[in-house]
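Here's the letter readout for the chains.
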There are 2 protein chains.
Amino acid sequence: MDIYEYFRKKQEIIERELRRYLTWNGRFPEILAEAMSYSVFSGGKRLRPILMIAAAEMIGGDLEDILPFACGVELIHTYSLIHDDLPSMDDDQFRRGRPTSHRVFGEAVAILAGDALLSEAFYIMAKSSSERNIDPIKALRVIYEIAEASGSRGMVGGQIGDITMKASELDQSSVEAIHLDKTARLITVSLRAGFILSGATEYEIDTITRYGNNLGVAFQIMDDLVDAGKEKKGINLVHLIGVEEARKRAERLIADALDAISVFGEKADVLRELARFVIARRD
Amino acid sequence: MDIYEYFRKKQEIIERELRRYLTWNGRFPEILAEAMSYSVFSGGKRLRPILMIAAAEMIGGDLEDILPFACGVELIHTYSLIHDDLPSMDDDQFRRGRPTSHRVFGEAVAILAGDALLSEAFYIMAKSSSERNIDPIKALRVIYEIAEASGSRGMVGGQIGDITMKASELDQSSVEAIHLDKTARLITVSLRAGFILSGATEYEIDTITRYGNNLGVAFQIMDDLVDAGKEKKGINLVHLIGVEEARKRAERLIADALDAISVFGEKADVLRELARFVIARRD
């Protein structure tokens, strides 16, 4: 299997679905629709939705049932990037080579576009699952798990750590705890959602959680390695232990991630390739 | 029935539940917990949760089943106040006599506290309904209706109108359309949630929607009347048509709200009193 081809095909499906959900219908301010679309369609890799789909497919889940949740997670990821870039947070001028949302639309509209994307994610997930052949109990579980992974006990909690903690006061495990909250939880819950919606056992869900947490922290370290040398705010393992040690640590985490899914045998080949894809990236 | 006594008793129940949900468990940054609680426990009237409970009770709903949704809507209302007060939005220094969140915790933490409250609302609603004797299909419907009323096609859309439109370019019906989105939708969806969760018919749900939309716009006009004379940003009917006409318009809307619920007879007495309570307020 060519993982790049797999990735590209799934990206196409996600793009199409996101366009369908975000096509402006005239029922709300156009400037808000523009700001939402500007950030959602800005060349994101769609890693989280693809992980959700890959997890579901490996245990025989139905792609159509997964898509609203896959899109929901991508909208949540996008809102978090808009808010992270704000002047009072990381104060980033560019993201993926384009001016950040607040530079294009102003700070107020950027904040509100993020807020709207977060609400829209829950709207799409709850609405679609009431319209499709999805067990509503499972849908509710996925919704609250995604809400938890996004909020104070997940991504937002990690972001608070990122902006309020002093790097000099942290050791490696505290840095990784922040990475776990800020980055890994949303990745992990994407995988869990794919499993839960496809009828996985609790043991299988625990297993994919181990894979996701290790992959997620490795992903954040790789992100920091790619940016090594650039001026970058926030907690950063590369600054703490150096490029070589950070790379070794990411490789160790990926090995642990692969170890977790060994029980699934060749069914987990896509997840294996995706993990190697994360560690190999240079962009 | 003494409506003040009714209001006070329901407020107590809401306060207790909110405290239970927001008690810090050590599993996320303390500063975030502090910022969330600072705004949630700042003397809010709890109008939206009380309307939800009153709606449910009038058609025989179970208070315990309603509470997680009542709290969820209050958290969403609170997040919207934190973000509305931000320097890039209304730039408010005080709310309910206390310094606004961003003045106490800084802009970054204030934005993140709002974000966390929005996620927490969906967490509480989805989690609790999976744990209680609530029809999961109804729970999903209420969740997506609340998400819709909070986002681009509701509250956030209205806030965008409020900050991007020029008052001088608007006529009365455009101003009221913004009030409808910004203020009334969350009030209406609170009432709808109480009805949906308690097994109301679609006709009854439509009826309560008419009550809610009229009440909500009247509520916003009363808010602007209370603040008349103060420097206040944003779209404002009082500035457009004057104090006397604005008061008449609010009274007209309340009359329409009362007319909508006349079909419910004396069962709707609480909602009737609540509507009069809104129009009578001076604070």
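See the structure shown above.
Within any chain, residue numbers begin from 1 and follow the written order of that chain's sequence. The lettering of chains begins at A and the numbering of ligands begins at 1, in the order of writing. This being a predicted model, a pLDDT of at least 70 is required before a residue's local features are given, and a value of 80 or more before pairs of side-chain atoms are given or counted; all residues contribute to the totals for chains, interfaces and linings. Heavy atoms from the whole structure form the basis of all side-chain values; hydrogens and water molecules are not counted.

J.: I'm lost on the relation of the copies chain B and chain A in this one. Help?
T.: Two copies of one chain are present, and they are related through a rotation about an axis combined with an axial shift. In this comparison the copies share one frame, found by least squares on the C-alpha atoms of residues holding pLDDT of at least 70 in both. Mapping chain B onto chain A calls for a rotation angle of 180° and an axial translation of 0.0 Å; the resulting RMSD is 0.0 Å. Both copies of the chain, as the preceding transformation shows, are related through a two-fold rotation axis. Every residue of chain B has its C-alpha some distance from the rotation axis, and the shortest such distance is that of Pro136(B), at 2.9 Å. The fraction of interface residues of chain B whose copies in chain A are also interface residues reaches 100%, indicating that both copies meet through the same surface. We call two residues in contact when some of their heavy atoms are within 4.5 Å.

J.: Please explain the pattern of salt bridges as it appears in this structure.
T.: Where charged atoms from two side chains of opposite charge approach closely, those side chains can pair. All names here are of chain A. The term salt bridge refers to a side-chain nitrogen of Lys or Arg lying within 4 Å of a carboxyl oxygen of Asp or Glu. In total, this model carries 47 salt bridges over all chains according to the counting rule given. Note that Glu148 is salt-bridged to Arg153, the shortest N-O span being 3.1 Å. Residue exposure (1.4 Å probe, protein chains only): buried if accessible area is under 20% of the type maximum, exposed if over 50%, otherwise partly exposed. Exposure remark for Glu148: the relative accessible area of 21% places this residue in the partly exposed category. Salt-bridge contacts for Arg185 lead to Asp181; the nearest nitrogen and oxygen are separated by 2.8 Å. In this pair, Arg185 and Asp181 are both assigned in helix H9 (residues 172–197), four residues apart and thus about one turn of the helix distant. Beyond isolated ion pairs, a larger network of salt bridges with shared partners links Arg141, Glu145, Arg192 and Glu202. Secondary structure counts use DSSP, requiring at least four H or I residues in a row for a helix and at least two E residues in a row for a strand, with both numbered from the N terminus.

J.: Just checking my understanding: could you explain helix H1 (residues 3–22) of chain A for this structure?
T.: Residues and elements named next belong to chain A. Between the first and last residue of a helix there are one fewer steps than residues, each counted as 1.5 Å, and that sum is the expected span. Given a rise of 1.5 Å per residue, 20 residues ought to cover 28 Å, and the 28 Å separating the end C-alpha atoms of H1 matches this to within 8%. Among the residues of H1, Ile3, Tyr6, Phe7, Lys10, Ile13, Ile14, Glu17, Leu18, Tyr21 and Leu22 are the ones counted as buried. Down the axis of H1, the buried side of the element spans an arc of 155°, and every buried residue falls inside it. Packed against the buried residues of H1 are helix H2 (30–40), helix H3 (47–58), helix H4 (63–85), helix H6 (107–131) and helix H12 (269–280). The N-cap of H1, judged by a side-chain oxygen 2.9 Å from the amide nitrogen of Tyr4 a few residues on, is Asp2. Taken from the helix axis, the directions to the C-beta atoms give the arc we talk about. Pairs of N or O atoms within 3.5 Å make up the polar contacts considered here, provided that, within protein, one atom can donate a hydrogen while the other can accept it, and that residues adjacent in sequence are counted only when both atoms are side-chain atoms.

J.: Explanation requested: the interface of chain B and chain A in the structure shown.
T.: With 46 residues of chain B in contact, the opposing surface of chain A contributes 46 residues. A quick way to say it: buried area is the sum, across both parts, of accessible area lost when two parts are put together, with a 1.4 Å probe. Taken together, the two surfaces of chain B and chain A that pack against each other cover about 4,200 Å², and 74% of this comes from carbon and sulfur. In this structure, the connection of chain B to chain A is made through two salt bridges. Here chain B and chain A share four residue pairs in polar contact (both at pLDDT 80 or more) between them. For the side of chain B that touches chain A, the elements supplying multiple residues, two or more each, are helix H2 (30–40), helix H4 (63–84), helix H6 (107–131), helix H7 (136–150) and helix H8 (155–164) of chain B.

J.: Teacher, can you tell me more about the packing of aromatic side chains here?
T.: Each aromatic ring pair is specified by the distance between its two centres and by the angle formed by the two planes. All names here are of chain A. Two rings from Phe, Tyr or Trp (for Trp, the six-membered ring) form a pair when their centres are within 6.5 Å of each other. A pair whose planes differ by under 30 degrees is stacked, one over 60 is edge-to-face, and the rest are tilted. Taken as a whole and judged by the stated rule, the model has 11 aromatic pairs over all chains. Pairing Phe7 with Phe277 gives two aromatic rings, centres 4.6 Å apart and planes at 40°, and the pair type is tilted. Residue Phe7 is located in helix H1, and its partner Phe277 is located in helix H12; the two are separated by 270 residues in the primary sequence. A relative accessible area of 18% means that Phe277 is categorised as buried. Taken together, the ring pairs in this structure connect Tyr4, Phe7 and Phe277 into an aromatic cluster.

J.: Please explain the environment of Val238(B) as it appears in this structure.
T.: Residue and element names in this part refer to chain B. Mapped onto the secondary structure, Val238 falls in helix H11 (residues 237–260). For Val238, a relative accessible area of 8% puts it in the buried group. When the C-alpha atoms of Val238 and Ile146 are compared, they prove to be 29 Å apart, with 92 residues separating the residues in sequence. Residues in contact with Val238, not counting those within four places in the same chain, are Ile221, Asp224, Leu225, Ala228, Val243 and Ala246.

J.: How should the environment of Ser168(A) be read in this particular structure?
T.: Residue and element names in this part refer to chain A. Along the chain, Ser168 falls in the loop between helix H8 (155–164) and H9. We classify Ser168 as exposed; its relative accessible area is 68%. The sequence separation of Ser168 and Cys71 amounts to 97 residues, and the corresponding C-alpha distance is 37 Å.

J.: I tried to follow H9(A) on my own but got confused; where do I start?
T.: Side chains of residues three or four places apart in an α-helix project in the same direction, reflecting 3.6 residues per turn. Residue and element names in this part refer to chain A. The end-to-end C-alpha distance of H9 is 35 Å, a good match for the 38 Å that 26 residues give at a rise of 1.5 Å each. Bend, at a single residue, is the angle you get between axes fitted to the 7 residues ending at that residue and the 7 residues starting at it. Maximal helix bending in H9 amounts to about 55°, located at Ala184. Burial within H9 is extensive, with 20 of its 26 residues counted as buried. Positive phi shows up at Gly199, right after H9, with a value of about 80°.

J.: Where do I start with the packing of H1(A) against H4(A) in this structure?
T.: Each pair of packed helices can be summarised by the angle the axes make with each other and by the distance between the axes. All names here are of chain A. Only the contacting stretch of a helix is used when fitting its axis, a line to C-alpha atoms as for every element, and angles between N-to-C directions run 0 to 180 degrees. One way to put it is that H1 packs onto H4 with a least axis distance of 10 Å and a crossing angle of 70°. Regarding the angle of H1 to H4, the classification is roughly perpendicular. Along the contact surface, H1 presents Ile13, Ile14, Arg16, Glu17, Leu18, Tyr21 and Leu22, while H4 presents Leu63, Leu67, Pro68, Ala70, Cys71, Glu74 and Leu75. Geometric relationships in this document are graded by angle, where less than 35 degrees denotes roughly parallel, more than 145 denotes roughly antiparallel, 65 to 115 denotes roughly perpendicular, and other angles denote oblique.

J.: I would appreciate a short explanation of the packing of H1(A) against H3(A) in the present structure.
T.: Residue and element names in this part refer to chain A. Running from N to C, H1 and H3 cross one another at 105°; their axes reach a closest spacing of 10 Å. It follows from the interaxial angle that H1 and H3 lie roughly perpendicular. Of the residues in H3, those in contact with Tyr6, Phe7, Lys10, Gln11 and Ile14 of H1 are Leu47, Pro49, Ile50, Ile53, Ala54 and Glu57. For the contact of H1 with H3, the residue count by class is eight nonpolar, one polar and two charged. Any residue that is not Ala, Val, Leu, Ile, Met, Phe, Trp, Tyr, Cys, Pro, Asp, Glu, Lys or Arg is counted as polar, Gly included; the first ten are nonpolar and the last four charged.

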